[in-house]
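Close look at the chain arrangement
So the chains spell out like this:
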Amino acid sequence: MSIAAVLIMRNEARCIARCLTSLAPHVDRLFCLDTGSTDDTIAIARAHGATVEQMVWPDDFSRARNHALALADADWNLIVDADEWIAQGGEHIRAFCKGAPRLGRVCVLSDDDSAGMLQASATPQSRSWITRLLPRGVRFSGRVHEQAISDLPREKLDVQIGHDGYLAAHMVAKQGRNRELLLAELAAHPGDAYLQFQLGRDAEGADHHGEACRWYEQALAGAAPDVPWRHDLVVRYLHCLGQSGRRPEALIMAEAQMANFPTSPDLFFVIGNLCLDTAGHEPARALDHWLPLAVTAWQRCLEIGERPDLEGSVAGRGSHLAQHNLDVLLGGMQHLPG
């Protein structure tokens, strides 16, 4: 049984060593497919033990992934991006691969610039459960935000992968590229709610909150009730509505979504943010209505606790992030007159 870590990369000199160093103890070999680096990425990867092959970038992530999988020629393939690293649980990979053929879903923890914190704090992390450990023969489909295609069962694996590629400092080069690929994919698959959701995320990452709302609205209208990313979609949509100045609309929607996600700390965290923002725009009702509602919402986050199983949940919204916002707000309220 052979296990390969399989990457596609381009101009990743800042992070490829970190990635490969974290992978090496848990796989048999490191395989990288470079799609046109002009920096030291290839030399660094080879210096860290990776086999590196090259191809011209095909404007299609699934084509690049599938070519890399064919060249890696392993019994099991761990799919990782260069701006990721194994943060925890790598020792479980080999044990998983000794079992029956199935697909492994790992928890990707992405550093998140926009988690709704009051004042400066450590960067929170959003959580996504993504299929990344594949037996031989499984391939991808989709130009961007590609998906593993297989009828095999999917099983959560106790592996955490860190990711810093969504930080604003690293997103500039990706946004235009991803948007064009997503639009091309949507033209080929009109009305695809997942692609609309990803277009919303791309716009949100560029702080284009009005555009993000338009995509999220379409995605929410077309998404099946049981899609795993619906929770992430709802919370992001509410956040972008607030950032677009559409707070009354967001609060009405939030009240309706409480029945769907009654134990989501992320939902109540964003509700707290919306109430706080509304207090700033309606000062006459701030002390007796909006600020108490914000406090109640963040207290509800603490009552619920952490929910890492919810797609797109942000670590800490059920614990220290909610407590931080409460401490800041309550501390400020103590100094208000009357």
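Our subject is the structure that appears above.
For the structure given in this document, a descriptive report is provided here.

Thresholds, definitions, all that
- Residues numbered from 1 in each chain as written.
- Predicted model: local features only at pLDDT ≥ 70, side-chain atom pairs only at ≥ 80, totals over all residues.
- Heavy atoms only, no water.
- Helix = DSSP H or I, 4+ residues; strand = E, 2+ residues; numbered from the N terminus.
- Rg over C-alpha atoms; globule rule 2.2 N^0.38 Å.
- Buried < 20%, exposed > 50% of the residue type's maximum accessible area, 1.4 Å probe, protein only.
- Expected span 1.5 Å × (residues − 1).
- Contact = heavy atoms within 4.5 Å.
- Salt bridge = Lys/Arg side-chain N within 4 Å of Asp/Glu carboxyl O.
- Disulfide = S-S within 2.5 Å.

**Some remarks on the overall build of the protein**
- Helix and strand counts for the protein stand at 12 helices and 11 strands.
- Over its C-alpha atoms the protein spans a radius of gyration of 21 Å, differing by no more than 12% from the 20 Å that the globule rule assigns to 338 residues.
- In terms of principal-axis extent, the alpha carbons of the protein reach across some 70 × 40 × 40 Å.
- Counting every position in the protein, which comprises 338 residues, the buried fraction comes to 54%.

**Side note on helix H11 (residues 286–304)**
- Counted at 1.5 Å a residue, the expected span for H11 with its 19 residues is 27 Å, and the 25 Å between its end C-alpha atoms agrees.
- Those residues of H11 not exposed but buried are Ala 286, Trp 290, Leu 291, Ala 294, Val 295, Ala 297, Trp 298, Cys 301 and Ile 304.
- On its buried face, H11 sits against helix H9 (247–257), helix H10 (265–281) and helix H12 (320–333).
- Backbone geometry just downstream of H11 places Gly 305 in the positive-phi region, at approximately 85°.

**Observations concerning the pattern of salt bridges**
- If you walk through the whole model with that rule in mind, you get 18 salt bridges.
- Arg 14 serves as the salt-bridge partner of Asp 164, at 2.8 Å between the closest nitrogen and oxygen. Placement of the pair is Asp 164 in the loop between strand E10 (154–163) and helix H5 (168–188) and Arg 14 in the loop between strand E1 (3–9) and helix H1 (16–23), with a sequence separation of 150 residues.
- Between Arg 65 and Glu 146 there is a salt bridge, with its nearest N and O atoms 2.7 Å apart. In this pair, Arg 65 sits in helix H3 (residues 61–72) while Glu 146 sits in the loop between strand E8 (139–141) and strand E9 (147–149), placing the two residues 81 residues apart along the sequence.
- Residue class for Glu 146 comes out buried when judged on its relative accessible area of 14%.

**Thoughts on the state of the cysteines**
- One pass over the full model with this rule turns up 0 disulfides.
- In this structure Cys 213 is a free cysteine whose sulfur lies 5.2 Å from that of Cys 240, the closest cysteine sulfur available.
- In this structure Cys 301 is not part of a disulfide, and its nearest cysteine sulfur, from Cys 275, lies 11 Å away.
- Overall, the relative accessible area of 0% leaves Cys 301 in the buried class.

**Here we look at unusual backbone geometry**
- Located in the positive-phi region is Asn 11, a residue other than glycine, with phi close to 50°.
- As for its placement among the helices and strands, Asn 11 is situated in the loop between E1 and H1.
- What makes Asn 11 partly exposed here is its relative accessible area of 36%.
- Notably, Asp 59 is not glycine yet its phi reads approximately 60°, a positive angle.
- Position of Asp 59 among the secondary structure elements: in the loop between strand E3 (50–54) and H3.
- Overall, the relative accessible area of 47% leaves Asp 59 in the partly exposed class.

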